[in-house]
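Here is how the chains run, residue by residue.
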Amino acid sequence: MTSRREFLSYTGAGALAASLAPTKTAMSVETSLANAASASQSKSNQPYLPCQTLNGWTLPYKMKNGVKEFHLVAEEVEHEFAPGTTAKCWGYNGTTPGPTIEAVEGDRVRILVTNRLKEHTTIHWHGLLLPSGMDGVGGLNQPQIKPNETFAYEFTLKQHGSHMYHPHADEMTQMAVGMMGMFIIHPKNGEAVPIDRDYCFLLHNWGIHPGTYRPDPSILQDFDLWTMNSKVFPYIDPVVARTGERVRVRMANLSMWNHPLHMHGVQYWVTGSDGGRWPQSRWRNDTTEIVAVGQIRDIEFIAVPGDWAFHCHMAHHTMNAMGHEIPNTLGVDQSGIDKEIQKMLPGFMAMGEHGMAEHQEHTDMGHHPGPRNTLAMMTGKGPYGNIEMGGMFTTVKVRDNLAKGDYSDPGWYNAPVGTVAARISNNPDFGNPIRRKIT
Ligand SMILES: [Cu+2]
């Protein structure tokens, strides 16, 4: 993951290097990448702070006569949600989500879109202010981009803030299988309140039924996987920061559900949306912010040392593939049922009488393996044991001694002595607590 992070920061810096040399009319990607190393060592020269796309990357561009030219390729991709589950998805330039586009307010951008799918597509620039003919709704604003064709979109960026791109052609299918990306526009005159670290991710849901390899576009509610940038816990990169830094996270949602994103350890400010940066008088504190379907919310906080959970608060959205509408086994005495069912289903294990936490213990031990290409419902190991999560769950890892611009995972937090909750008794009759009616 570290080397991927380094690569990502280079590609982001590569774009910066290109933007600093607008007189070079056709800077190659290779040149941009080569320049990245020096650019990353002299961050003060950068006109903006590159955004870190969790588990993702930023698309390099070429300068052509003062226009920043990006090239997106719509294509099928083999995508891994976590080791153990891959699927044939659709995305851009080899990944889902597609690479993040980063530019600056006032830039003229040209975005070439090559269609390597077997059906037509378009791209809609979600939230951008542009001429109607560049808005990307197939049939309404432009002809569909047929297989093998390349279309050019070109417009001037009149705004700044967090935005997205996605197809507006056979949208139900193309979004369900992963076609989406972020479009970040940095302010021309810098940030009103300086940001030390900037992150972004797209929330999504997937109908990848146990044992299958193709996302099912017909699912409306009971999805199997819930993702941040098309990854599930524990394979979502952590948000890393140094104590005291101001961190922004741009949370975007192109799934079929609203997601209340909850961050532990801080009261963050909600500072912007797809409608741009909000005036400071509208910033407000919260710890859970609903990011509705098709929306973006920017949050900012001052980093506090520790390992902090950061997740969707819909409890089913922090699970991996799980059954729905199954009999409730809570409180049901299942003794002896194993042997009976094992006659028909060898390896069957009754569970759920006292809760579902035992699920992770069983699956971690290799008991009752699920169908192939199917993740366990609960997973993840922390320094104190099983985390029992999945889906839209990651961590904010804040340390006192991180170097500026170091985005690598610092490992688990070493909590100061006396600051961790600890057992003081194992007797259920301990103490003299006041209790109401007990059945
Ligand atoms: Cu959710």
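Cut-off values and rules
Residues numbered from 1 in each chain as written. Predicted model: local features only at pLDDT ≥ 70, side-chain atom pairs only at ≥ 80, totals over all residues. Helix = DSSP H or I, 4+ residues; strand = E, 2+ residues; numbered from the N terminus. Contact = placed C-beta atoms within 7 Å. Buried ≥ 20, exposed ≤ 12 C-beta atoms within 10 Å, placed from the backbone. Pairing = 2+ DSSP bridges. Core = buried A, V, L, I, M, F, W, Y, C linked by C-beta atoms within 7 Å. pLDDT = per-residue confidence, 0-100. Axes fitted to C-alpha atoms, helices over the stretch in contact; angles between N-to-C directions.

(A) Focus on the overall build of the protein. In terms of helices and strands, the protein carries 5 helices and 24 strands. Taking as baseline every contact in the protein between residues at least 6 positions apart, the subset at least 24 positions apart corresponds to 73%.

(B) Molecular detail of the pairing of strand β11 (residues 197-206). For β11, a buried count of 10 out of 10 residues is recorded, marking the element as mostly surrounded by other parts of the structure. Going residue by residue along β11, you find R197, Y199, F201, L203 and N205 tucked away on one face and D198, C200, L202, H204 and W206 tucked away on the opposite face as well. With 2 bridges connecting them, strand β1 (residues 52-53) and β11 associate as parallel partners. What sits directly across from Q52, in β11, is Y199. Summarising the sheet, β11 and strand β14 (residues 246-253) pair through 7 bridges and their orientation is parallel. Opposite D198, over in β14, you have R248 as the bridge partner.

(C) Representation of unusual backbone geometry within the structure. The step from T96 to P97 runs through a cis peptide bond, and the omega angle for that step is -10°. With respect to the helices, strands and loops of the structure, P97 is situated in the loop between β4 (85-92) and β5 (101-104). A cis amide bond links F233 with the next residue in sequence, P234, at an omega value of 5°. If you trace the backbone, P234 turns up in the loop between β12 (225-228) and β13 (239-242). For D170, which is not a glycine, the phi torsion comes out positive at approximately 40°. Along the chain, D170 falls in the loop between β9 (161-166) and α3 (171-176). Residue class for D170 comes out partly exposed when judged on the 18 C-beta atoms lying within 10 Å of it. Phi at N373 takes a positive value of approximately 60°, unusual for a residue other than glycine. For N373, the position within the fold is in the loop between α5 (358-364) and β22 (379-382).

(D) Up close: the pairing of β4. Of all 8 residues in β4, 6 are buried, a share of seventy percent or more. As paired elements, strand β3 (residues 67-82) and β4 share 8 bridges and run antiparallel to each other. Of the residues in β4, the one forming a bridge with E80 is T86. Connecting β3 to the next strand, β4, in antiparallel fashion are 2 residues, including G84 with a positive phi near 115°.

(E) Spatial organisation of the nonpolar core. Within the largest apolar cluster, 81 residues are counted, with the highest numbers of intra-cluster contacts made by M164, F183, L225, V239, M251 and A252. Considering every element that reaches this core, the biggest residue donor is β11, with 6 residues.

(F) Geometry of the confidence of the model for the protein. The pLDDT averaged across the protein works out to 88; a share of 89% of its residues lies at or above 70. Here residues 1-45 is modelled with pLDDT under 50, and outside its nearest four sequence neighbours on either side it reaches 65 contacts, counting other chains as well.

(G) Geometry of the sheet that holds strand β19 (residues 288-291). In spatial order, the strands read β13-β24-β21-β15-β19; together these 5 strands make up an open sheet with mixed pairing. Strands with a single pairing partner mark the edges of an open sheet, and in this sheet they are β13 and β19. Pairs of neighbouring strands in the sheet enclose a mean axial angle of 20°, with direction left out of account. Pairing of strand β21 (residues 306-312) with strand β24 (residues 393-399), which is carried by 6 bridges, proceeds in the antiparallel orientation.

(H) Broad picture of the environment of G139. With respect to the element layout, G139 can be found in the loop between β7 (124-126) and β8 (150-156). Classification of G139 by C-beta neighbours within 10 Å gives exposed; the count is 11. As for G139 and T122, which are separated by 17 residues in sequence, their C-alpha atoms are 9.7 Å apart.

(I) Expanded view of the sheet that holds β5. The mixed open sheet is built from 4 strands, whose spatial order is β5-β10-β9-β7. Every other strand in the sheet has two partners, leaving β5 and β7 as the edge strands with one partner each. Direction aside, neighbouring strands of the sheet carry axes that sit 25° apart on average. Taken together, the 3 bridges between β7 and β9 define a ladder with antiparallel strand orientation. Pairing of W125 across the sheet is with Y165, part of β9.

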